[in-house]
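Breakdown of the fold
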Amino acid sequence: MDITVFLGAPGSGKGTQAKRLAQQGGFVHFSTGDILRAAINEKTEVGLKAKGFMDRGELVPDDIMIAIIESALGRTGGKRVLLDGFPRTVPQAEALDKNAKTAVARALYFQVPNPALIARLTGRRVCKNCGEPYHAVTLKPKQDGVCDRCGGPVIQRSDDTEEVVKRRLEVFESQNNKLLAYYEKSRKLKAFDGDRPIEALQKELLRALQ
Ligand code: AP5
């Protein structure tokens, strides 16, 4: 398996980039946030366990997340894999690497300053059906409130309020240096300036993925 992990703060553009790359073909994209939100909508046991953590902006426990990603990695269809939102802790990173088949090939880190992250997250809108990301100011759907891709309703995520965004950024900061050090040690880390237009970053990512 060829696995690339996208690292970066909430709002750094991991989901936006991974979805676009997967739509172009050749990659399968797994977002642990999207998987958890689907589980919440379906009221599964995992969804019920995860909801409180997500609403507060805290991390869902590692054992739940590792089981989710192990199950997802059984459904790659032979494509190259982009992981967005996983790993978020060193134990999650170790869980991937302990199995030679799921060892990470490269970790791409998107760097974006905090004021830009806050503006992106509080303005973010997403399709309730397919998860396509939009922004209330910078990336509106063609028809107000309707997803360009699937026609689903475009909504604001419940954890994109200012208070929860602040907590998510604190939680990210508490884990990020340890995670970067983990991938730096194995020489798999490559950092990108994520504070520029979506297309410009996409071109650079494609080069790193070749
Ligand atoms: P998750 O859904 O993964 O949220 P996140 O990491 O907080 O990341 P985001 O989805 O907020 O940001 P993103 O980097 O994908 O940005 P996006 O592309 O959307 O996780 C939610 C929760 O689930 C967590 O808080 C936790 O509770 C739980 N969870 C998930 N995984 C877990 C794990 N492994 N372990 C434990 N718990 C876990 O972009 C954001 C906005 O910016 C959009 O509006 C977009 O249009 C805009 N934008 C994107 N790129 C650009 C650009 N280049 N320029 C301008 N605007 C841009």
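You'll find the structure just up there.
A short tour of the structure in this document, coming up.

Criteria and cut-off values
Residues numbered from 1 in each chain as written. Predicted model: local features only at pLDDT ≥ 70, side-chain atom pairs only at ≥ 80, totals over all residues. Heavy atoms only, no water. Phe/Tyr/Trp six-rings, centres within 6.5 Å; stacked < 30°, edge-to-face > 60°. Helix = DSSP H or I, 4+ residues; strand = E, 2+ residues; numbered from the N terminus. Buried < 20%, exposed > 50% of the residue type's maximum accessible area, 1.4 Å probe, protein only. Lys NZ or Arg CZ within 6 Å of the ring centre and 35° of its normal. Pairing = 2+ DSSP bridges. Axes fitted to C-alpha atoms, helices over the stretch in contact; angles between N-to-C directions. Near = heavy atom within 4 Å. Polar contact = N/O pair within 3.5 Å; in protein donor to acceptor, adjacent residues only side chain to side chain. Areas by Shrake-Rupley, 256 points an atom, 1.4 Å probe, with all protein chains shown as cover. Nonpolar A, V, L, I, M, F, W, Y, C, P; charged D, E, K, R; others polar. Parallel < 35°, antiparallel > 145°, perpendicular 65-115°, else oblique. Contact = heavy atoms within 4.5 Å.

Topic: the packing of aromatic side chains
- For the coordinates displayed, the defined rule picks out two aromatic pairs.
- The interplanar angle of 50° and the centroid separation of 5.1 Å between the aromatic rings of F6 and F110 together place this pair among those described as tilted. One end of the pair, F6, is in strand β1 (residues 3-8); the other, F110, is in strand β4 (residues 104-111), and 104 residues separate them in sequence.
- The class for F6 is buried, based on a relative accessible area of 1%.
- Of the residues examined, F110 reaches a relative accessible area of 1% and is grouped as buried.
- The residue whose ring lies beneath R56 is F53, and the NZ or CZ to ring-centre distance is 5.3 Å.

Here's the deal with the sheet that holds strand β3 (residues 80-84)
- A sheet is described by the order of its strands in space; here five strands give the open sequence β2-β3-β1-β4-β8, paired in parallel fashion. This sheet does not close on itself; its edge strands, each paired only once, are β2 (27-31) and β8 (189-193). Between one strand axis and the next, the sheet turns through 25° on average, direction left out of account.

Thoughts on unusual backbone geometry
- Cis geometry is adopted by the peptide bond preceding P87, which originates at F86 and carries an omega value of 0°.
- With respect to the helices, strands and loops of the structure, P87 is situated in the loop between β3 and α5 (90-97).
- Notably, K43 is not glycine yet its phi reads approximately 55°, a positive angle.
- Although it is not a glycine, R187 sits at a positive phi angle of roughly 60°.
- Structurally, R187 is set in the loop between α7 (162-185) and β8.

Some thoughts on the site of the ligand
- Neighbouring the ligand are 34 residues; T16, E58, R88, R124 and R168 lie closest to it.
- Here an oxygen atom of the ligand and a backbone polar atom of G11 are 2.8 Å apart.
- T32 places a side-chain nitrogen or oxygen 2.8 Å from a nitrogen atom of the ligand.
- When the free accessible area of the ligand is taken as 1000 Å², the share hidden by the protein chains comes to 94%.
- Among the elements of the structure, α1 (14-24), α2 (32-41), α6 (114-123) and β6 (133-135) are those that each provide at least two residues to the shell around the ligand.
- A per-element tally of the shell around the ligand places α2 first, with four residues.
- Per-class residue counts for the shell around the ligand are 13 nonpolar, eleven polar and ten charged.

Digging into the packing of α5 against α7
- Where α5 meets α7, the closest approach of the two axes is 9 Å, and the angle between their N-to-C directions is 30°. With respect to α7, the element α5 is oriented roughly parallel. Mapping the contact onto sequence places V90, A93, E94 and D97 in α5 and K178, L179, Y182 and Y183 in α7.
- Looking at the contact of α5 with α7, its residues break down into five nonpolar, no polar and three charged.

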